[in-house]
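# Structural description and commentary
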Amino acid sequence: FQAEDGIRDYKVTGVQTCALPIFIRDLADMGCTVILATHELDEAEKVCDRVVIFDKGRVLVDGNLDDVRRARQAVRLRTARPLDLRAMPDNLAGWLVEDAPGTYSIEDAPQGLIGALAVWLSEHGIDVVELRAGLNSLEDVFKKLTEGDS
């Protein structure tokens, strides 16, 4: 395979999942610009340097993969039983979004919020099943930008 100018449309249906990222990286390493149009966002995260997310003909975001994922850092909280948000102080409850009973997310939490939340949960005997902070996945970003419509 030679890197050359031109546009190619490769059908990758049936290509082994483990081989596709290697194939794409090899093309990029040869100096080819690779445009990957896919719904497999977890796979795209493994090979893309730059991301364009569009929906219904509109570009929603265009940028470096890390910058797109970092734009909204997320905290996920799962508790053994649903929280009574009315019983929590506003400075904590105001940040929690209930995704499902006992499952919550926090977007762009200010410094100290997670520590204060962990202390409050512990003081009130609420068992935490999961407390995870970090970058959103590309799929999380896509769902937020498209409001889960697509």
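Each remark here, short or long, concerns the structure printed above.
Report follows, based on the coordinates.

Thresholds applied
Residues numbered from 1 in each chain as written. Predicted model: local features only at pLDDT ≥ 70, side-chain atom pairs only at ≥ 80, totals over all residues. Heavy atoms only, no water. Core = buried A, V, L, I, M, F, W, Y, C linked by side-chain atoms within 4.5 Å. Buried < 20%, exposed > 50% of the residue type's maximum accessible area, 1.4 Å probe, protein only. Helix = DSSP H or I, 4+ residues; strand = E, 2+ residues; numbered from the N terminus. 1 Å grid on protein atoms, 1.4 Å probe; cavity = no way out; pocket = protein on both sides within 12 Å on 5 of 7 lines; lining within 4 Å. Points joined across faces, edges and corners; volume = space filled by probe spheres on them. Arc of directions from axis to C-beta. Contact = heavy atoms within 4.5 Å.

### Things to note about the nonpolar core
Residues Leu77, Leu83, Met88, Leu96, Leu117 and Leu121 are the most contacted members of the largest nonpolar core, which totals 14 residues. The element that contributes the greatest number of residues to this core is helix H5 (residues 113–123), accounting for 4 residues. In terms of nonpolar packing, the next biggest core, distinct from the first, is built from 9 residues, Val51, Ile53, Leu65 and Val141 among them.

### A short note on empty space enclosed by the protein
Considering all chains together, one arrives at 1 cavity of 30 Å³ or more under this definition. Computed from the structure, the largest cavity encloses a volume of approximately 30 Å³. Lining the largest cavity are Leu20, Pro21, Ile24, Leu36, Glu43, Ala44 and Val47. Listing elements by their share of the lining of the largest cavity, those giving two or more residues are helix H1 (19–29) and helix H2 (41–47).

### With respect to helix H6 (residues 138–146)
When we look at burial in H6, the residues that qualify are Leu138, Val141, Phe142 and Thr146. Summarising the axial view, the buried residues of H6 lie within an arc of 115 degrees, below the 170-degree limit, and thus occupy one face. Tucked inside the fold, the buried residues of H6 contact H2, strand E1 (50–55), strand E2 (58–64) and helix H3 (65–70). One or two steps after H6, the chain reaches Glu147, where phi turns positive at roughly 55 degrees.

### What to know about the side chain of Arg76
Among the structural elements, Arg76 can be located in strand E3 (residues 73–79). When sequence neighbours within four positions are dropped, the list of residues in contact with Arg76 reads Tyr104, Ser105, Glu107, Glu130, Leu131, Arg132, Asn136, Asp140 and Lys144.

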